[in-house]
Amino acid sequence: MKYNNEEEQLKLEIFEKVKQYYNLSKNNEKDKKQINYAGRVYDEEEMLNLIDSSLEFWLTSGRYTEQFEKDLSRFLNVKYSLLVNSGSSANLLAFMALTSDKLGDRKIGRGDEIITVAAGFPTTIAPIIQYGAIPVFLDISIPKYNIEINDLEKALTEKTKAIMIAHTLGNPFNLKKIKEFCEKNNLWLIEDNCDALGSKYIYNNEEKYTGTIGDIGTSSFYPPHHITMGEGGAVYTNNLELKRILQSMRDWGRDCWCSSGKDNTCKNRFSKQFGQLPLGYDHKYVYSHFGYNLKVTDMQASIGVAQLKKLPKFIEARRKNWEYIKENLKNLEKYFILPEAEENSIPSWFGFILTIRDNTKFTRNEIVEYLESNNIQTRMLFSGNIINHPCFDEMRNNNYGYRVIGELKNTNKIMNDTFWVGVYPGLTKKDLDYMISKIKDFIHKIEVDK
């Protein structure tokens, strides 16, 4: 956007005031009363971008959105990235793209089966159920907390069309074996990468970012995640056909690919035949899918542009914090199963997960309540076992709409005995030491009292 000299000068004055405000607000911050499991980490650059975008008052997706999509593609070394309004929308879009008629025999239809896990976040499986496909739930392994790959063959039927699973807490699942399984059986692979932005997996002797090895990857930019724009998410792919379907479904289902505010990019806006519409019907209002409006505002994207520059340092901090906690809890392996990284992976950790061993002298609730009472935030491993939640009552009670492979023994174990604490970049060494000391204090107290 062009400014005249007076406008430009005023804008610079506003920016200077924003910098002053940021520095004042940071200096006046009181000591933290709680050690959160996650949180936003930012400086004046995010605030300046946000103000810059708001002054332009474009509001919907615009130049910052385009910049973020290019920067994310460059970072991930992937061809196409599309920004959306949340990670949940990213998962919805990724799944629904695979139901497009444009995919022919490979399209997912109602009643087709999708392999997934029950130990995850609900929006990984919600699109499957909402569309009318059938989730097939597999167990997870401990201490890596990802899909039990030895059960893949048991889950496979002639109706299986895809695998849709997450990299749990930033720990990549076994992409080599799952990708081979998908290629062997002509299955789509959606990588829910919402908790793992920046994680790497060594695939075909090359380090690749998770989310880029399957057919479609998804990310979330909600405040607890690796980067944030408040609300926001992304889908990414190397497949041009999938990119076009994703873009169509994100933007109301339209056939046109012109950016907001632009017309007639193809130079054939009024000269084509579509469906049973009149010849030359305005291509900008032709719809090839039943889509959505999942776009993000440019103000949110402006924050993401600044955040993405910080991502490498965020990833490094998460890894160091995770390693520091593990090193300092090694002497507690009698009580806890400590997490392990997947072979051939370099995780960008979302949290540090602990599972209480069988026959210990305390329960998860006891230690969680102790930590929370000492101002340390904890989290469960998301749904634990999604099948046991109220949203599944009707399906579970009437035995329809999903399949389960095996007993989900480890899934139920984590539902009862697992929790996690934060490793995000906003934590200091003092914060980490405090968390570690309180975990050890609890164990000491249990040993003395019981």
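Refer to the structure presented above.
Residues numbered from 1 in each chain as written. Predicted model: local features only at pLDDT ≥ 70, side-chain atom pairs only at ≥ 80, totals over all residues. Heavy atoms only, no water.

Can you break down the packing of aromatic side chains residue by residue, with the values?
As enumerated under the stated definition, the model contains 17 aromatic pairs in all. The interplanar angle of 80° and the centroid separation of 5.3 Å between the aromatic rings of Phe392 and Tyr402 together place this pair among those described as edge-to-face. Taken as a pair, Phe392 in the loop between α10 (364-373) and α11 (393-398) and Tyr402 in the loop between α11 and β13 (403-404) lie far apart in primary sequence, 10 residues in all. Judged by its relative accessible area of 14%, Tyr402 is buried. Counting every residue linked through ring pairs, the aromatic cluster contains Tyr37, Phe121, Phe350, Phe382 and Trp420. Against the face of Tyr42 rests Lys26, its NZ or CZ located 5.9 Å from the ring centre. For Arg63, the ring lying beneath its charged end belongs to Tyr64, and the centroid distance is 4.4 Å. (Phe/Tyr/Trp six-rings, centres within 6.5 Å; stacked < 30°, edge-to-face > 60°. Helix = DSSP H or I, 4+ residues; strand = E, 2+ residues; numbered from the N terminus. Buried < 20%, exposed > 50% of the residue type's maximum accessible area, 1.4 Å probe, protein only. Lys NZ or Arg CZ within 6 Å of the ring centre and 35° of its normal.)

Explain unusual backbone geometry to me, and be specific about the residues and the numbers.
A cis geometry characterises the amide bond from Ile142 onward to Pro143, with omega recorded as 25°. Residue position: Pro143 is located in the loop between β3 (134-138) and α6 (152-155). The backbone phi angle of Leu59 is positive, close to 75°, even though this residue is not glycine. Checked against the element boundaries, Leu59 lands in the loop between α2 (44-56) and α3 (63-76). Unlike most non-glycine residues, Asn344 shows phi in positive territory, near 65°.

Nothing here speaks to function; it is geometry throughout.
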